[in-house]
Amino acid sequence: MKDGKRKGIGLYLMNDGERITINCKDDDYESISSSIDYKNTAASMKAAKNQSFSLVMSNFTAAAMTSVEVSKGIKDIKANNPSASTVESPTNTDTTSESKSSTTTSSSNKSKIADCGSNWRSDSRVYSNYESQLIKMRTYPEKPANYTSDYTDIQTKMRQIRLKWEAQGCLITKSQYE
């Protein structure tokens with residue numbers, strides 16, 4: 001107190017164990033902080049942390065499922081394209097036209113997979129980047145005015161990339177966000 005007026009910072013401890021810090025000026029005061037404010041902030045931070053963890057686990061699960069799908073796709077490709085050691089050799093004197101056809105088909109499939117090459121890898125990375133953008137768009141709360149149209153445009157681009165490569169016999173696993 002100065003000249004009969006309150007002035008400065010004060011700490012009040014309540015009977016119930018709560019505390020409040022106030023700033024006094026000319027017999028008027030404002031609350032700076034309190035234990036109730038702290039408890040509310042801590043509770044909201046804990047809720048945000050739990051929500052973030054839940055989202056991370058959801059995205060991790062989606063990534064794990066995508067990995068399983070890719071693994072299944074690779075397994076299917078290997079099952080449909082036997083390795084060179086299991087294909088009959090065309091130099092065999094008892095080779096029939098059927099086994100020659102089988103060898104040609106196997107070579108055709110191998111070259112088709114090889115044809116996927118760098119363009120397929122590049123498009124696969126673009127597809128993955130689009131998927132990351134969609135995940136970020138769903139994760140972060142700030143949504144621009146054109147959020148919906150951007151989201152659907154990215155999904156359309158992803159679908160076009162995947163269908164283009166499926167038509168060529170190369171696999172890009174469909175994302176759950178597409």
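Residues numbered from 1 in each chain as written. Predicted model: local features only at pLDDT ≥ 70, side-chain atom pairs only at ≥ 80, totals over all residues. Heavy atoms only, no water.

Caption draft 1: Structural context of the side chain of E178. Summarising the element assignment, E178 is placed in the segment after α3 (147-167). Within polar-contact distance, the side chain of E178 engages the side chain of R162 at 2.7 Å. Those residues in contact with E178, other than ones at most four positions away along the chain, are Y127, Q155, M158, R159 and R162. (Helix = DSSP H or I, 4+ residues; strand = E, 2+ residues; numbered from the N terminus. Polar contact = N/O pair within 3.5 Å; in protein donor to acceptor, adjacent residues only side chain to side chain. Contact = heavy atoms within 4.5 Å.)

Caption draft 2: Highlighting the nonpolar core. L134, M137, Y151, I154, M158 and I161 are the most contacted members of the largest nonpolar core, which has 15 residues in total. Listed by contribution, the elements that provide at least two residues to this core are α2 (97-139) and α3. With 6 residues, the top contributor of residues to this core is α3. Ignoring any residue separated from it by four or fewer positions in sequence, one finds M158 in contact with Y127, Y130, E131, L134, S175 and E178. (Core = buried A, V, L, I, M, F, W, Y, C linked by side-chain atoms within 4.5 Å. Buried < 20%, exposed > 50% of the residue type's maximum accessible area, 1.4 Å probe, protein only.)

Caption draft 3: Layout of the pairing of strand β1 (residues 7-13). As paired strands, β1 and strand β2 (residues 19-25) are joined by 7 bridges and run antiparallel to one another. If you follow G10 over to β2, its bridge partner there is I22. (Pairing = 2+ DSSP bridges.)

Caption draft 4: Just α3, in detail. The end-to-end C-alpha distance of α3 is 30 Å, a good match for the 30 Å that 21 residues give at a rise of 1.5 Å each. Taken as a whole, α3 has its buried residues at Y147, Y151, I154, Q155, M158, I161, R162 and W165. The arc that holds every buried residue of α3, seen down its axis, measures 125°, which confines them to one face. Away from its buried face by more than 90 degrees, α3 exposes T148, Q160 and A167. Downstream of α3 by one or two residues, G169 has phi in the positive range, about 85°. (Expected span 1.5 Å × (residues − 1). Arc of directions from axis to C-beta.)

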